Each structure stands twice: as structure tokens, then as C-alpha cells.
Amino acid sequence: MESSSSGSAKARQSSGGADTFDIPGKGAPIERLKRWRQAALVLNASRRFRYTLDLKKEEQKEEVKRKIRAQAHVIRAAYRFKEAARVNVQPKETTAPHVDGALGFGIKEEQLTALTRDHNYSALQQYGGISGVANMLKTDTEKGTGGDDPDLKARQNAFGSNTYPRKKGRSFLAFVWDACKDLTLIILMVAAAVSLALGIATEGIKEGWYDGASIGFAVLLVVFVTATTDYKQSLQFQNLNEEKQNISLEVVRGGRRIKVSIYDLVVGDVVPLKIGDQVPADGILISGHSFSIDESSMTGESKIVNKDQKSPFMMSGCKVADGYGTMLVTAVGINTEWGLLMASISEDSGEETPLQVRLNGVATFIGIIGLTVAVLVLVVLVARYFTGHTYNPDRSPQYVKGKMGVGATIKGIVKIFTVAVTIVVVAVPEGLPLAVTLTLAFSMRKMMRDKALVRRLSACETMGSATTICSDKTGTLTLNQMTVTKAYFGGKKMVPTDNTEMLSASVSTMIIEGIAQNTSGSIFEPEGGQAEVTGSPTEKAILSWGLQLGMKFNETRSKSSILQVFPFNSEKKRGGVAVHVGDSEVHIYWKGAAELILESCTDWLDADGSKHSMTPEKMGEFKKFIEDMAVASLRCVAFAYRPCEMNDVPNEDQRAEWILPEDNLIMLGIVGIKDPCRPGVQDSIRLCTAAGIKVRMVTGDNLQTARAIALECGILNDPNVLEPVIIEGKTFRALSDLEREEAAEKICVMGRSSPNDKLLFVKALRNRGHVVAVTGDGTNDAPALHEADIGLSMGIQGTEVAKESSDIIILDDNFASIVRVVRWGRSVYANIQKFIQFQLTVNVAALIINVVSAVSSGDVPLNAVQLLWVNLIMDTLGALALATEPPNNHLMQRPPVGRREPLITNIMWRNLLIMALYQVAVLLTLNFDGQNLLQLKHDNHAHAEKVKNTFIFNTFVLCQVFNEFNARKPDELNVFKGITGNHLFMGIIAITVVFQVLIIEFLGKFTSTVRLSWQLWLVSIGLAFISWPLALLGKLIPVPDRPFSELFACCFPAKKQDDDVKEKEGSAKHSEV
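Residues numbered from 1 in each chain as written. Predicted model: local features only at pLDDT ≥ 70, side-chain atom pairs only at ≥ 80, totals over all residues. Heavy atoms only, no water.

## Brief notes about unusual backbone geometry
Working step 1: With omega at -10°, the peptide bond leading from V495 into P496 counts as cis.
Working step 2: Its place among the elements puts P496 in the loop between β11 (492–493) and α19 (505–517).
Working step 3: Across the junction of E723 and P724, the peptide omega takes the value 0°, indicating a cis bond.
Working step 4: One can find P724 in the loop between α25 (703–713) and β22 (726–728).
Working step 5: Phi is positive for K451, which is not a glycine, with a value near 65°.
Working step 6: Examined against the element boundaries, K451 turns out to sit in the loop between α17 (431–449) and β8 (452–454).
Working step 7: Of the residues examined, K451 reaches a relative accessible area of 40% and is grouped as partly exposed.
Working step 8: In the Ramachandran plot, K573 falls in the positive-phi region, its phi being about 60° despite a non-glycine side chain. (Helix = DSSP H or I, 4+ residues; strand = E, 2+ residues; numbered from the N terminus. Buried < 20%, exposed > 50% of the residue type's maximum accessible area, 1.4 Å probe, protein only.)

Pasting the structure below:
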């Protein structure tokens, strides 16, 4: 396993250029990408590089972005210049711009678009500010639009929809054209044309067209099958791209918050935004608290911009960096800069994966051997032809010096040349790297059903190599269905939790005010209906408890006004609000991690409303209550407040900079929130452990809660474990780099961790050679998600910032879905290995048979058309059959695959060599003594030779059909296990057999074959059938665990030393960088 040696893992990770066909899973430098492209042996560049990153297109995309950004900057700069001139010049009477109604609205689409695009603040004032624009759009800034279908339709007709014109996908004919660009197929088409012309000229049109037409037809079949496969693959990627961009967001319609697709957003919608959200359209800020935006995606400048009533304009595509607020949508789709940008660039630019690049290396190596063999065969056949050692079926020499016409001679050379080129077609495995995209496309589609959306192709592969998963607790290991089950207020336990009778009216009022005002959630209270609570699960639990206490949400909020907000922060683990209660009285409410809030308290509030000093005894009592709740796996949230005077609050201009005081707080009380473990999470963790994957919990909750949940989930088995197995974030943070790496190996649970602790943890594990998958849902998790080998964001609770930094989105936030992703990751690697084993067996057998036959007899048993059919079975159909095998539980009973382990394992070499040697032995025996063995001695020699060659071709193809079953399970004895579930495999086997029967029985003129008797069919099937028992016996032969390549390196220490020097040089270069 890769984690066994940290030193060598580090060296490998930092190696700069030991292997041309080795790229990192994330952030590969452009030089590395260019280098492998230049080194690859490619017959059809447009097809081979289709699913790789188009480096030229990337440069063009960046250029388009720069132009659009520059244009926007110029327009805004001009307006700012005009504003400055207007301020400095003697003010004139300004008149409001003329407003034209648009389909029943008070303002036109172009006026609204210009307003937000140009950030024209003076025009906004002339329209009557945000309330004036909202009135023109028939929108209530509190309750939003009506939300009924006619209203939404009217808004789309008047102001457009939130979509942009996408570039059309490539047509099927474009894929046909790409497939035709294959150099070998072009040569074969030319050869077919020459053969057709010479055949008709020498033998007449009735008989002479067969040879040329058959090659042409075979080439067209290869082209159309290849194009169809590629086209379907392209459609799958297109659908997945659309799925990636379909963001779900909250809007306020009819007074209630509802979830809609970003594409359903309309002008006039009121959109609540919080930290980590993406601004879904251009708009104007209605209200916000500590609200700032990261505009780098639009301006190209990494700068956080504060938004308030003086700077209210928001651009689509930007991210909320801090705070929360609501905005009014004023422009959508192509009317926004983001829409213009997305319409101008093609989003599907491709991406190469490490496995794809490694397979290009394998294909190049095999291709060089194949090319060498083809040249050798060409030289031998041409030499034998011109020396009179190549014979016709009737034993007469094909070339007699001085007696042959130019046409006949050229025809003979073309036939030889065609065979040599066809050997190149078979030998260069063009389909090998493309099999990766085929299996990835298949896997990604299936993973969507398993609640995982893949954002980066290479993450699929890397997930199969994961050795550790750092998982969040809330929502991933637990259900995220939170309820308040314990409460401790007024210095006593509340039984039941909504028993307000034990509290005085003033204390109840204060608790309810703190809940209603210090929240990012909301409550919709329909007349006579049940209240609808929205927000994060923790907020929903607290607000629901507030309703049980008798809270009237809207009424409570209207009684006091918010002065300043400190949004909940995962670093400080608390959130606060300052509210003006009346007269000069101000209350500053805090809520957050219980033990952290408790540390800031100097007093506590009794049930009767009297204030008492926080004595050590009372502090101990509160701590004991927190500990008891934590042991019961409850999340502990404390509520505190601090009164102050209005005179202590900065005036409105300076209030944005006001930092709410966090000390000398008065403790109100603590709630314990229950979040039950997900059903089946124990089984999932057990499955991971059996698969050699260590699951570690990283949570912001306190250590005791984390311990209780870890024991419940099965991450911990011993309740008495100590550091560093269970550790607090601040303790881990305080360690030195080396100590952190050593501790990281042992850590199972990290409590009270900040996002930065998670990042340090991921780095430490990667430095120890682990392949790390990490989950995250918050904006601050983005660095850890980016740093990890596989970043997994949460689809329900995850912010857009977290999702964009991740590689895979877990759509249902469920840990079991992460385990399914691991299975698919391992399946990708296993399927590619199956295909490699199958393809190399065909390659080795076909090359050896043709070379030996060419050298010994001057003829080859498999002609050009037959080899093209074999190539189709081996390349496209083989990839479809084997690269789309669904995952099974056997994959989770083996350790993770090391990212730099050989692609061809010792088991594969054993299977491959046994099958290839068997096929070569059988077919060469038939080639040299087939007439005797098949009892064709008494037959006409020319016909007997045709029957023999047809029998060899038929047996060879059937051997591949039977071997395809063997390739399904390289390391299992039962190759038929689960076969009925793979309909595609069975369908391809059926198609191959049916076509083979048609070729032999009905298409003999085209393929130079003759019909076989039923006895010969049975013998052919019997010889192919032996592949099954032979493979079964072969699997009983033990193979060493150490890869053959390493054993080979031990035999040649000089080469190994040279490789080590290269690796060290690469490592040195990397550290210099």
C-alpha cells in the first residue's frame, strides 16, 4: 500500500520528471501536459486528445474573459468619472429618467440592465431607490413576488429568463469526420481505392471490385461504430455539465422561502444570501449585515467588496464572502456580465486524468512494438514477393520476373502494404486511453443515481486509491435532523424543554428575543396554518424550540431593531447581534459553542430575572451540565447577552466597523440538540475498514459529543481512548510540523476543530503518503477541499464556494454515498485493467501469428478485412463490454490501489501470457499443419487453404469472445458471477457472435472466407471453449506480490540507480520551485 513508506511517498509526490506519462491528479503544470502529448504515439490526434484539456482553447477562454472584464471596467470608470464631475460642478436640478412600462411593469428591460451593469447609483436614486425599483417591478421587498405561474411567465416575457445561449454540441457527422482522420484508416482507404481500381482493370467489374470494396466497407464500419460510441459519450458529458451548473437556491415568493433552480429565477425575485452563496443574477442589495462580496470571478481582482446602501449593486457569478442579506434581482441571463461571459466561452474544454495519461504511455509503448513488427512484416513480405517465394493458393508463385504486368505487380504490393498497415491498426491500441473516458462517462452517469455528482473526472480514479476519509460529523455521519431535547435556563434544568412556567416573563421575553433576532433562519407564519421554519439544521432546531416557548417570530422581530450583526463564524464558533430595544437600551445577544460562551460569562441570570455573579461553583455546575449533554451525544449551544446603552454604540457611519463586545456576558442558558446517527453508517464504516480505508471524524463539536458519536458510528471502539487518538483542534494546531505528521497517523477523532485545523490535518496525512478524501460544507472548508486528493462537498448543506472547491458533490450528504463513490472509483481502475488484459492478449496473439507466418511462409492467415473486424471487437466493442462493468463487493475486500502501482499487475501478466500462448500455439499449429489436422488433404488445395484460413480466423475470433468472459474477473475463479446484471456485456457478446456467423456464412466474398461445415464450427467452438478451464487452472498458479517490473529492476541495478538519480533530481527541482 502507498502509505507504507512515507519517505518514498514524499519522494514520489515531489518527483518532477521521472516519468513523462505521469501527471498529478490536481493542478498539473502546463509543461507536464505538453510533454506527454509530444511523447505519445498517436494515429488520430483529434480523437485521442478529444477528452483532454484543449490548451489553445483555454488560452482563448482567458482572453475572452479579459476582454469582457476590461469592457465592464471601462464603462464603470466612465460613470464614476461623470459622478465625480457632477459632484464638483454646481448642482443642477436633476430630473428622473423617463420610465417606460414594459408589459405591465413600470420599467423596461434595457433600463434595468443598464442600471446594474453600469453601477449607476444616481439613476437608482432618481428611480426612487431600492423601494422605487421594487414598486416598478411589482415586488414587495419583504414578501417577494406573488410567485404564481402567470406572474412568473409575465416577468420572463418582459425581462428574459436566467439562461444564456449555449454553444451547440458537436453533431454526429463531426464525430464521423474525426474518426476518419485516423492516419492508418486513411492509408487503408487509399489502398482500398487503388485495389478497387486495379481489380476492376485486371479482373473486370464483376469480380474485381470485391477486394477493394471489402476493405473500404470494413474501414467504414470501424469509422461508424467508433463515431457512434464517441457521440454517445459526448452526450453523457454534456448532460453532466448541465447538471453541474444547475444550482439550487432560496427565493422569497408570497412571503415564504422556497427552493428553486437558478434557471427559474426571474427579475423582481427577492433572494436571501448568506456566506458562501453564489450571487445568482445581477441585482441590488435590499438589506444586509456585515455583507461583503468576493468579485474576483468577474473583475479578476482578488478583492473583497463591502456592500451597503451606498454600494448596493451585485454582479452575477460573485460569491458572498461574509455576512448575510437579501437582494432584488434586476437582470438575468444574457443581460448579466456573467451570462455574457458564459455564452462567449465553451465550458466543455476537457480534462485529462492521470490514468488516461498513463494509458497513453502504455499505448505508445505497445504502438512502437506494433510499428516495428509491421515494418518487419512489410520488409519480409516484399522481399519474399519479389524473390518468388510468395505463392498463390494453387502453389504457383505470385510474382515471376519479366512475366508480370505493372497492374498485377502493384496489386500484389498494395495487398502486402494493406496487411502491414492493418497490423499497425491492430497493434496501436488507440482505444486504450479512450476506454478511460468511456468507463468514466459510464461511472459518472451511474454515480448520479448513487447521489454523487462528479465535478472533476480524475477524482473518480483517485477515489479508488483513497486510504483515508476525513468526514464531518453533522449531516454526513448523522441525519442532520436536529431537535432540542434538553434545556438549562435560569440556573435549572427545564422539564419539559418548553416549560416556561418556571421562568419569569422578563427572562422568557429575553430568551425569545435572543432566538428571534440572533438567527440567519426565518419562519413563515401562514394564517391558520402550521409555521414553516427555514435555515441551517441548528437554526431550525432552535427556532422550532422558540415556537414551543410561544415565540411569535415576526412580531418579536418588529419590537426591536437590529443595529449590528456578527454572523456565525466557524473559527470563533459563535454569532452575535446588537438590537435596540427602546429608549437608550441595547441588548447584545450571543449564541455558540457552550463551553466557549461560558468562558466569556461573568454573571448568570436566575429564573426570576435576577443577575448573579458566576462563582467557580456555578461555573462547575454549568460545565457539568454541558459534559452530561455531550456524553449523551448532544450538541451544546449556549445563549448569553450583554446590556449596553445607545451612547456606547457608534453612530451609523462608523457602525459597520463596530466589533460587538464578547466579554463580561450574562449567561441565559444552554440547550442540548440531538442529531441521531444515520442508519447504516456503522456498516459503511465497517466496509471501509475492511477495504483498507481509515475513517476519521473532524467536527466543530466538543470532544465529549464527538467521542459519543464516534462510538455510536463505529469510528471508535474503546470509550477510554486518549490523545492523540481523540484530540482537540487547538492541541493539534500547537504541535510542530513533524509532531503533527506523527499524530495525524493515529488520530481517529478531532473535536472543536476550525477549518484551518482541517487543512493542517489533510496536509499532515498527505505528507505521510496517504491519499486523502475530505468532506466539507462551509466556505472556510474550501482550502482543505482544494488541498485534499479528493474534495467531497455536501449537496444539501454545502455552500457554493465549498462545491466549487470540491471534486465530487455528495447530493444527499450521506456517508454511505461516499462509500459508493469509493466502489465506483475502484471499479474504474478494475475495468480498465480488465480491458488492458483483454486487449493485450489479442495484440500479442495477432502480432505473433502474423509475424511467424509472414517470415516462414510469406503469407499471413489473417487478411486486412479480418484484422479490422478483430480490431473492432478488441477496441470499441471490447471497451464497451469490459469498461462498463458495474462495481461489486469484491472490490471492497482488497486494499486501495496505489496511484503508482503498475497498471499491468502480476496476476494480469499471468492470465495474459497463458491465454496468448494458448491462442498462438493453437493457431500456429493450424497454420502449419491445419490441412492434415482438419482432414482437408483430399480437398482441392486452393479450397483447402481457404477453409484452413477461415477456420483459423473463426477460431481466433471465438477465442476472443470466450476470453472476454475471462477478462471480467482477472482474480476470481467464477467468471460468470453477476453476468446477468450486465446487459451491455451480454448484448455485445451476442452482436459479436451474430456478426461472426454472418461473416463466415454469407460475406465470404468480402472477407476472403468460405462457409464452414457444422463439424468445423463445433471444433472451432471447442478450441475456444478450452480458454475457460485453462484460465481457471491458470488462476491457481501463485504469483509474487512484488511487481515484475521491480524484480526486473533488481536484476539490472544500474538502471535502477539511474532512475533513482532522476527521481532525486526531479525532487530537487520541485523543492526549488
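Now, onward.
## Describing a negative patch on the surface
Working step 1: Side chains of D583, E585, E645 and D648 sit close together on the surface and give a patch of like negative charge.
Working step 2: With respect to the element layout, D648 can be found in the loop between β19 (634–645) and β20 (665–674).
Working step 3: Look at D648 and you get exposed, because its relative accessible area is 53%. (Patch = residues over 30% accessible without salt bridge, like charges linked within 9 Å, V, L, I, M, F, W, Y side chains within 5 Å. Areas by Shrake-Rupley, 256 points an atom, 1.4 Å probe, with all protein chains shown as cover. Salt bridge = Lys/Arg side-chain N within 4 Å of Asp/Glu carboxyl O. Lys, Arg positive; Asp, Glu negative; His and termini not counted. Charge placed at Lys NZ, Arg CZ, Asp CG, Glu CD.)

## Focus: the sheet that holds β8
Working step 1: Across the sheet, 8 strands lie side by side as β8-β26-β25-β24-β9-β21-β23-β22; this open sheet has mixed pairing. Looking at which strands have only one partner, the edges of the open sheet turn out to be β8 and β22. Taken pair by pair, the neighbouring strands of this sheet meet at an average axis angle of 20°, ignoring direction.
Working step 2: By the bridge criterion, 3 bridges tie β22 to strand β23 (residues 749–751) in an arrangement that is parallel. If you follow I726 over to β23, its bridge partner there is V749. (Pairing = 2+ DSSP bridges. Axes fitted to C-alpha atoms, helices over the stretch in contact; angles between N-to-C directions.)

## A few points about the nonpolar core
Working step 1: Grouped together as the largest cluster of nonpolar side chains are 153 residues, with contacts concentrated most on I715, V749, I790, I808, F815, I836 and F956.
Working step 2: Broken down by element, the residue count for this core peaks at 20 residues, all from helix α31 (residues 815–857).
Working step 3: The residues touching F956, leaving out its near neighbours within four places in the chain, are V842, A845, A846, I849, L862, V870, Q919 and L923. (Core = buried A, V, L, I, M, F, W, Y, C linked by side-chain atoms within 4.5 Å. Contact = heavy atoms within 4.5 Å.)

## Regarding the environment of K977
Working step 1: As for its position among the elements, K977 is in the loop between α34 (941–968) and α35 (983–1002).
Working step 2: Assessed through its relative accessible area of 46%, K977 is described here as partly exposed.
Working step 3: Remark: the alpha-carbon pair of K977 and N888, spanning 89 residues in sequence, is separated by 9.9 Å.
Working step 4: Setting aside residues no more than four positions away along its own chain, K977 makes contact with R968, K969 and E972.

## Regarding α19
Working step 1: For α19, with 13 residues, the first-to-last C-alpha span of 18 Å sits near the 18 Å given by 1.5 Å per residue.
Working step 2: Every buried residue belonging to α19 is among V507, S508, M510, I511, I512, E513, G514, I515, A516 and Q517, and all of these are buried. (Expected span 1.5 Å × (residues − 1).)

## Topic: the environment of G104
Working step 1: Mapped onto the elements of the fold, G104 is located in the loop between α4 (55–88) and α5 (109–117).
Working step 2: For the pair G104 and A158, spaced 54 residues apart in sequence, the C-alpha to C-alpha distance is 8.5 Å.

## A closer look at a nonpolar patch on the surface
Working step 1: Where nonpolar side chains cluster on the molecular surface, the patch consists of I991, V994, F995, L998, F1002 and L1003 and spans about 520 Å² of accessible area.
Working step 2: With respect to the secondary-structure elements, F995 resides in helix α35.
Working step 3: With a relative accessible area of 37%, F995 lands in the partly exposed category.

## A closer look at the packing of helix α24 (residues 681–690) against α31
Working step 1: Interaxial distance between α24 and α31 falls to 9 Å at its minimum, and their mutual angle equals 30°. Considered as vectors, α24 and α31 are oriented roughly parallel to each other. Between α24 and α31 the crossing geometry is left-handed. Contacts from V681, S684, I685, L687 and C688 of α24 reach α31 at F815, A816 and V819.
Working step 2: When grouped by side-chain class, the residues that make up the contact of α24 with α31 number 7 nonpolar, 1 polar and no charged. (Parallel < 35°, antiparallel > 145°, perpendicular 65-115°, else oblique. Left-handed = near helix turned anticlockwise from the far one by under 90°. Nonpolar A, V, L, I, M, F, W, Y, C, P; charged D, E, K, R; others polar.)

## Focus on the confidence of the model for the chain
Working step 1: On average, residues of the chain score 83 in pLDDT, and 87% of them are at 70 or above.
Working step 2: Counting contacts from residues 1–18, a segment whose pLDDT is below 50, to residues more than four positions away or on other chains yields 38 contacts.
Working step 3: Predicted confidence for residues 89–97 stays below pLDDT 50, and this span has 5 contacts to residues more than four positions away or in other chains. (pLDDT = per-residue confidence, 0-100.)

## Notes on the packing of helix α16 (residues 406–427) against helix α32 (residues 864–882)
Working step 1: Interhelical geometry of α16 versus α32 gives an angle of 5° and a closest axis separation of 9 Å. Judged on the interaxial angle alone, α32 and α16 are roughly parallel. Residues T418, T422, I423, V425 and V426 of α16 touch α32, and the partners they reach there are A864, L867, L868, N871 and M874.
Working step 2: Each residue belonging to the contact of α16 with α32 can be placed in one class, and the counts come to 7 nonpolar, 3 polar and no charged.

## Side note on the pattern of salt bridges
Here the idea is simple: oppositely charged side chains can pair when their charged atoms come close.
Working step 1: Applying the stated criterion across every chain, the model contains 34 salt bridges.
Working step 2: Taking the shortest distance from any N to any O, the salt bridge between K591 and E539 comes out at 2.8 Å. One end of the pair, K591, is in strand β16 (residues 585–593); the other, E539, is in helix α20 (residues 537–548), with 52 residues separating them in the sequence. One exposure class covers both K591 and E539, and it is buried.
Working step 3: In this structure, the salt-bridge partner of E662 is K572, at a minimum N-O distance of 2.9 Å. Linking E662 in the loop between β19 and β20 with K572 in the loop between β14 (561–569) and β15 (574–582), this pair joins segments that are 90 residues apart in sequence.
Working step 4: Three or more residues are tied together by salt bridges with common partners; here these are D472, K758 and D781.

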